[in-house]
Amino acid sequence: MTLNASPADLYLYDREGAYIPRVGAVHDLCGYGKCSLGVAIPVLSAAGCDVCPVPTSLFSAHTLYPEFYMLDTTDMLKPYLDAWQAEEVELDAVYSGFLGAPEQVASIQRLYEEHPDALRIVDPVMGDAGKIYPTYTPELCDAMKGLVEGADVLTPNLTEASILTGIEYRGQDVDEAFVKENIDALVDLGAKTVVLKGVSHGDGQVRNYVAGAGLETLEVAGEMLPFQLHGTGDLFASSLLAAIMSGRSLGAATEFASRFVHDAMLVTKDQPQYKMRGVSFESKLGEVARLLD
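Calculation notes
- Here, residues in each chain are numbered from 1, in the same order as that chain's written sequence.
- Given that the model is predicted, a residue must reach a pLDDT of at least 70 before its local features are reported, and side-chain atom pairs must reach 80 or more before they are shown or counted; all residues, however, enter totals for whole chains, interfaces and linings.
- Derived side-chain values reflect all non-hydrogen atoms in the structure, with water molecules and hydrogen atoms excluded from consideration.
- Each pair of strands is called paired provided DSSP finds at least two bridges between the two strands.
- Secondary structure elements are taken from DSSP: a helix is a run of H or I of four residues or more, a strand is a run of E of two residues or more, and numbering for both begins at the N terminus.
- A right-handed crossover is one whose linking path, passing over the helix from the first strand to the second, runs clockwise when the strands point away from the viewer.
- Think of each axis as a best-fit line through the C-alpha atoms, taken over the contacting stretch in the case of a helix, with angles from 0 to 180 degrees between the N-to-C directions.
- For classification, angles of less than 35 degrees are called roughly parallel, those exceeding 145 degrees roughly antiparallel, those between 65 and 115 degrees roughly perpendicular, and all remaining angles oblique.
- Crossing chirality is assigned from the near helix's rotation relative to the far helix, an anticlockwise turn below a right angle marking it left-handed and a clockwise turn marking it right-handed.
- Only heavy atoms enter the contact rule, under which two residues are in contact if any of them lie within 4.5 Å.
- Two N or O atoms count as a polar contact when they lie within 3.5 Å, although within protein this holds only if one can serve as hydrogen donor and the other as acceptor, and sequence-adjacent residues are included solely when both atoms are side-chain atoms.
- Geometry of aromatic contacts follows a simple scheme: Phe, Tyr and Trp rings, the Trp one being its six-membered ring, pair when their centres are within 6.5 Å, and the pair is stacked under 30 degrees between planes, edge-to-face over 60, tilted otherwise.
- We count a charge as sitting over a ring when the NZ of a lysine or the CZ of an arginine lies within 6 Å of the ring centre and within 35 degrees of the ring normal.

**Considering the pairing of strand β5 (residues 119-122)**
And then number 1: Taken together, the 4 bridges between strand β4 (residues 93-96) and β5 define a ladder with parallel strand orientation. Across the sheet, A93 pairs through a bridge with L119, a residue of β5.
And then number 2: With respect to chirality, the unit in which β4 leads through helix α3 (residues 104-114) into the neighbouring parallel β5 is right-handed.
And then number 3: Pairing of β5 with strand β8 (residues 153-154) involves 2 bridges; the strand directions are parallel. Each bridged residue has a counterpart across the sheet, and for V122 the counterpart in β8 is L154.

**A word on the packing of helix α5 (residues 158-165) against helix α6 (residues 176-188)**
And then number 1: Viewed as axis vectors pointing N to C, α5 and α6 meet at an angle of 50 degrees, and their least axial separation amounts to 10 Å. One finds that α5 runs oblique with respect to α6. Between α5 and α6 the crossing geometry is left-handed. In this structure, α5 contributes L158, A161, S162, L164 and T165 to the contact, and α6 contributes F178, N182, A185 and L186.

**Some points on the side chain of D263**
And then number 1: Tracing the sequence through the fold places D263 in helix α8 (residues 250-268).
And then number 2: With residues near it in sequence (within four places) discarded, D263 still touches K284 and E287.

**A closer look at the environment of G150**
And then number 1: Summarising the element assignment, G150 is placed in the loop between α4 (138-144) and β8.
And then number 2: C-alpha separation for the pair G150 and K192, spaced 42 residues apart in sequence, amounts to 6.4 Å.
And then number 3: Those residues in contact with G150 that lie beyond four places of it in its chain are R120, G190 and K192.

**Quick look at the side chain of H27**
And then number 1: Counting through the fold element by element, H27 comes out in strand β1 (residues 22-32).
And then number 2: At 3.4 Å, the side chain of H27 and the backbone oxygen of Y95 are in polar contact.

**Here's the deal with the pairing of strand β2 (residues 50-61)**
And then number 1: Pairing of β1 with β2 involves 9 bridges; the strand directions are parallel. Bridge assignment links H27 to a residue of β2, and that residue is P55.
And then number 2: Following the backbone out of β1, through helix α1 (residues 37-46) and into the adjacent parallel β2, one traces a crossover that is right-handed.
And then number 3: Direction of pairing for β2 relative to strand β3 (residues 70-72): antiparallel, over a ladder of 3 bridges. Each bridged residue has a counterpart across the sheet, and for F59 the counterpart in β3 is M70.

**Some words on the packing of α1 against helix α7 (residues 232-245)**
And then number 1: Contact geometry for α1 and α7: axes closest at 9 Å, N-to-C directions at 25 degrees. With respect to α7, the element α1 is oriented roughly parallel. As for the relative orientation of α1 and α7, their crossing is right-handed in sense. Judged by residue contacts, V39, A40, V43 and L44 of α1 engage D234, L235, S238, S239, L241 and A242 from α7.

**Looking at the packing of aromatic side chains**
Each aromatic ring pair is characterised by the separation of its centres together with the angle its planes make.
And then number 1: The full count for this structure, using the stated rule, is 7 aromatic pairs.
And then number 2: With 5.2 Å between their ring centres and 75 degrees between their planes, F98 and Y136 make a pair best called edge-to-face. Here F98, found in the loop between β4 and α3, pairs with Y136, found in the loop between β7 (131-132) and α4; they are 38 residues apart in sequence, far enough to count as distant.
And then number 3: Measuring from ring centre to ring centre gives 5.7 Å for F256 and F260, while their planes differ by 15 degrees; the resulting arrangement is stacked. Of this pair, F256 and F260 both sit in helix α8, separated by 4 residues, roughly a single helical turn.
And then number 4: Joined through ring pairs, the aromatic side chains of F59, F68, F98 and Y136 make up one cluster.
And then number 5: Above the plane of the ring of Y112 lies R120, whose end atom (NZ or CZ) is 4.1 Å from the centre.

As structure tokens, then:
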């Protein structure tokens with residue numbers, strides 16, 4: 001990589017001909033409230049990827065609901081991956097998100113060892129707005145730090161960056177010096193590139209920052225809508241990876257993901273109980289498919 005290169009010039013995957021790349025998606029599966037594998041599978045499939053799920057837990061509904069059932073799948077992951085290894089499954093990318101237990105980090109690292117050439121996309125799903133998700137223990141948060149080293153793309157929000165680096169969370173309205181401090185700390189922990197999400201100065205814009213070792217910092221700004229939804233982080237990371245696997249640069253992929261989440265949120269606003277049901281991206285999947293044009 002050229003020193004001080006732009007993320008707009010950084011291509012992480014070379015899509016060749018009619019080949020359909022395989023993505024190992026290590027996420028939870030949620031029955032109600034669209035997030036995690038319920039987002040990753042359709043979005044990446046629309047981009048012409050073969051999505052191979054590795055379920056880290058099963059939920060009746062996402063964790064914003066006052067009552068939900070969770071099944072920890074840690075005990076099944078070793079025989080599950082043993083079977084993959086016996087079948088000589090090949091992966092072009094390993095994409096991880098929400099984890100159910102600290103021991104699951106080792107399963108992801110195993111995939112890294114068995115597929116050394118696969119892209120490593122880490123969405124460190126741990127919290128938002130300064131709060132850690134209720135199922136995340138201090139032990140699990142600490143274990144998540146083990147996935148930062150070697151991540152080709154790390155996609156934390158400001159809360160998750162704080163958990164990973166130990167830098168104090170200061171809200172969403174932070175200056176570029178604070179953004180750089182966080183990204184530099186994550187790069188020092190071993191991330192190759194970072195997309196730091198969700199900076200807002202109260203001016204009607206939301207900003208995501210893309211940077212990494214030897215990269216200039218790219219700011220991607222868009223309209224900030226006057227409501228928040230569960231699952232937007234999963235949708236962002238999934239559509240980002242969809243664009244990368246379609247042969248787009250990291251900068252272009254970040255711009256696509258930012259716009260795609262925004263457009264899906266607008267659709268969601270017109271749905272009943274929209275604040276709890278998750279992001280309604282389905283009618284926008286054609287935008288993902290057009291990445292292959």
